[in-house]
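Given next are the chains, with one letter for each unit.
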Amino acid sequence: MQFGALALRVHAPDPEEVIAVLKQRQRQAPALLEQAPLALDLSPLEAEEIDLDAIRRLLSALQDENIAVLGLIDGSEQKTVAKQLDLPLLGSASERRSALRSPEKRSASDWAPTRLVDGQVRSGQQIYARQADLVIYGSISAGAEVIADGSIHIYGALRGRALAGASGLGEARIFIQEFHAELISVAGHYKVLEELPENLRGQAIQARLENDQLSMVTLR
Amino acid sequence: MAEIIVVTSGKGGVGKTTTSASIATGLAQRGKRVAVVDFDVGLRNLDLIMGCERRVVYDFVNVIQGECTLKQALIKDKRHENLFILAASQTRDKDALTVEGVEKVLNELKNDFDYVVCDSPAGIERGAHLAMYFADRAIVVVNPEVSSVRDSDRVLGIMASKSRRAEQGSEGISEHLLVTRYSPKRVAEGDMLSIADIEEILGLPILGIIPESELVLQSSNAGVPVILDDKAPAGQAYADAVARLLGEERPMRFVEIEKQGLIKRLFGG
């Protein structure tokens with residue numbers, strides 16, 4: 001089973017702490033939580049750590065922040081919890097993670113159409129393609145950031161940052177017509193390019209994960 | 001109806017006010033009715049560069065707050081009778097500017113003038129945002145150095161998303177780059193970004209290139225917009241920029257290193 005929501009993995013049942021972490025994330029990437037439905041994943045918690053009152057407080061705190069909670073991701077202990085909290089169960093966490101990592105299992109329904117952006121992305125701007133590939137027809141300035149849950153194609157120069165596979169899709173790739181990036185990342189494996197490798201500067205590049213290593217090679 | 005032109009940059013000290021004064025004067029020289037408005041509330045400078053600092057009675061904030069009429073606050077330029085200056089307030093802060101107040105004043109100006117030139121303060125805060133918010137056209141002033149180019153890029157991004165045209169989803173602000181303090185010699189020595197670099201990074205056409213010159217500072221101090229000095233390269237370059245703004249084609253001048261004459265070479269320049 002697969003759905004288009006962000007999973008919130010709860011490591012500590014303390015609502016204040018969770019909200020603080022979410023707010024920090026929101027500051028880093030304001031687009032990320034915009035109208036995003038969340039699924040609570042309590043699997044990092046031991047059964048005895050699950051405190052129903054704390055989770056109720058967390059739910060109401062999330063509601064105060066205008067974050068919609070879809071339900072609970074199904075784990076071994078959570079059928080009873082879900083029933084007590086009156087939340088729907090949403091398929092198991094392990095199944096969900098494996099689904100994210102293998103594109104053939106991805107159903108068409110939850111993957112959005114490719115996001116197309118015409119024109120230059122300027123310093124300070126951030127573009128996020130949720131559950132989609134991202135195509136930029138233009139350059140990305142230093143200090144600008146483009147993020148996609150899928151792959152990113154840039155028909156122009158990349159001087160800022162590009163982060164593909166933002167929710168863990170290891171197969172995501174980044175294609176860049178003219179490489180001057182500050183940072184690139186695929187599925188959380190990132191590289192800060194303080195010094196651009198001479199052989200890659202200004203070249204057309206493909207970035208992808210190979211054996212969990214970020215590789216950048218010129219296009220032929 | 002007038003066209004509203006904002007002169008902006010993000011970074012301070014790059015030549016926004018010098019440019020506002022020269023562009024406004026240049027448009028007036030070409031027979032247009034022009035109002036130039038200082039948005040830098042609290043750090044008013046435009047009146048100095050236009051040489052009318054001793055004639056400021058009422059200012060922009062007075063008009064917004066209804067303490068005087070727009071007519072009372074507009075200062076007629078001493079050289080061109082079709083050029084008027086609206087000074088910023090030196091004693092208030094930027095919170096005195098409101099969206100509604102600025103809109104009201106600009107609408108009134110639009111009825112009487114062909115061009116309204118808005119001199120933006122540095123930064124991306126309230127004053128700068130309001131200066132660009134109602135603009136039809138933007139002149140982004142940039143120096144040939146990386147920090148100035150990045151700040152201009154940021155300002156262009158804000159204009160593309162937070163101007164009234166962007167919010168209404170109508171055609172965007174028409175954007176131009178004006179490179180000031182350009183020194184071909186220092187570009188050749190690798191100390192400055194070249195025109196090609198700036199054009200490529202910002203992806204915009206260049207309206208003009210103003211060469212670095214001590215005369216700019218001298219004429220600012222004297223309260224004479226440098227465009228009035230038609231023998232100075234900087235003045236001529238501003239005149240070219242104004243012509244391009246009006247749709248004329250002019251070749252770029254002052255972008256090559258000046259060849260030294262024999263006498264200068266013999267006796268040192």
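The rules behind each value
Residues numbered from 1 in each chain as written. Chains lettered and ligands numbered in written order. Predicted model: local features only at pLDDT ≥ 70, side-chain atom pairs only at ≥ 80, totals over all residues. Heavy atoms only, no water. Helix = DSSP H or I, 4+ residues; strand = E, 2+ residues; numbered from the N terminus. Buried < 20%, exposed > 50% of the residue type's maximum accessible area, 1.4 Å probe, protein only. Contact = heavy atoms within 4.5 Å. Areas by Shrake-Rupley, 256 points an atom, 1.4 Å probe, with all protein chains shown as cover. Pairing = 2+ DSSP bridges. Axes fitted to C-alpha atoms, helices over the stretch in contact; angles between N-to-C directions. Salt bridge = Lys/Arg side-chain N within 4 Å of Asp/Glu carboxyl O. Polar contact = N/O pair within 3.5 Å; in protein donor to acceptor, adjacent residues only side chain to side chain. Nonpolar A, V, L, I, M, F, W, Y, C, P; charged D, E, K, R; others polar. Arc of directions from axis to C-beta. Phe/Tyr/Trp six-rings, centres within 6.5 Å; stacked < 30°, edge-to-face > 60°. Left-handed = near helix turned anticlockwise from the far one by under 90°.

*Asks:* So what's going on with the overall build of chain A? Which residues, and what values?
*Replies:* In terms of regular secondary structure, chain A is built from four helices and 15 strands. When the 220 residues of chain A are sorted by exposure, 47% land in the buried category. In chain A, of all internal contacts separated by at least 6 residues, the share reaching a separation of at least 24 is 36%. Accessible surface, chain A: about 11,400 Å² in total, of which carbon and sulfur atoms supply 47%.

*Asks:* Before we move on, could you go through the pairing of strand E7 (residues 174-182) of chain B and cite the residues and values that matter?
*Replies:* Relative to E7 of chain B, strand E6 (residues 137-142) of chain B is paired through six bridges, and the arrangement is parallel. When the bridges of E7 of chain B are listed, alanine 138 of chain B appears paired with glutamate 175 of chain B.

*Asks:* So, the sheet that holds strand E14 (residues 205-210) of chain A: which residues are in play, and what are the values?
*Replies:* Each strand in a sheet pairs with its neighbour through backbone hydrogen bonds, running either in the same direction (parallel) or in the opposite one (antiparallel). Residues and elements named next belong to chain A. Spatially, the six strands line up as an open sheet ordered E5-E7-E9-E11-E14-E15, and their pairing is mixed. Whereas interior strands pair on both sides, the edge strands pair on one side only; in this sheet they are strand E5 (115-118) and strand E15 (213-218). Between one strand and the next, the sheet's axes are offset by a mean angle of 20 degrees, whatever the strand orientation. As paired elements, strand E7 (residues 134-137) and strand E9 (residues 152-158) share three bridges and run parallel to each other. Directly across from valine 135, in E9, lies its bridge partner histidine 153.

*Asks:* Hey, could you go over the interface of chain B and chain A for me, with residue numbers and the actual values?
*Replies:* Listed as interface residues are 12 residues of chain B and, on the opposing side, 10 residues of chain A. At the surface where chain B touches chain A, the tally comes to three salt bridges. The shortest N-O distance in the salt bridge between glutamate 182 of chain A and arginine 150 of chain B comes to 3.5 Å. The interface formed by chain B and chain A includes seven residue pairs in polar contact (both at pLDDT 80 or more). Those elements that place two or more of their residues in the side of chain B that touches chain A are helix H7 (146-162) and helix H10 (195-202) of chain B. Top contributing element to the side of chain B that touches chain A by residue count: H7 of chain B, with six residues. Its residues assigned to classes, the side of chain B that touches chain A comprises four nonpolar, three polar and five charged.

*Asks:* Can you explain helix H11 (residues 214-222) of chain B? Please cite residues and give values.
*Replies:* Residues and elements named next belong to chain B. Buried within H11 are the following residues: Val216, Ser219 and Ser220. One side of H11 holds all its buried residues, which, seen down the axis, span an arc of 105 degrees. Opposite the packed face of H11, turned more than 90 degrees from it, sit the exposed residues Glu214, Leu217, Asn221 and Ala222. Buried positions along H11 lie against helix H1 (16-29), helix H2 (46-49) and helix H12 (233-245). Measuring from the backbone nitrogen of leucine 215 back to the side-chain oxygen at the start of H11 gives 3.0 Å, which picks out serine 213 as the cap. Phi for glycine 223, located one or two positions after H11, is positive at around 75 degrees.

*Asks:* Summarise the packing of aromatic side chains; cite the residues concerned and give the values.
*Replies:* Residues and elements named next belong to chain B. Summed over the entire model, instances satisfying the criterion amount to three aromatic pairs over all chains. Residues phenylalanine 84 and phenylalanine 113 carry aromatic rings whose centres are separated by 5.7 Å and whose planes lie at 70 degrees to one another, so their mutual orientation is edge-to-face. On the criterion of sequence distance, the pair formed by phenylalanine 84 in strand E4 (residues 83-86) and phenylalanine 113 in the loop between helix H5 (99-112) and strand E5 (115-119) is long-range, its members being 29 residues apart. Considered together, phenylalanine 84 and phenylalanine 113 belong to a single accessibility category, that of buried residues. For the ring pair tyrosine 133 and phenylalanine 134, a centre distance of 4.8 Å and an interplane angle of 90 degrees mean the geometry is edge-to-face.

*Asks:* So what's going on with the packing of H1 of chain B against H12 of chain B? Residues and values would help.
*Replies:* Residue and element names in this part refer to chain B. Where H1 contacts H12, the two axes come as close as 9 Å, and the packing angle between them is 65 degrees. The chirality of how H1 crosses H12 is right-handed. The residues of H12 that touch H1, namely those facing Thr18, Thr19, Ser22, Ile23, Gly26 and Leu27, are Tyr238, Ala241, Val242 and Leu245. Looking at the contact of H1 with H12 residue by residue, the class counts come to six nonpolar, four polar and no charged.

These figures capture arrangement, not role.
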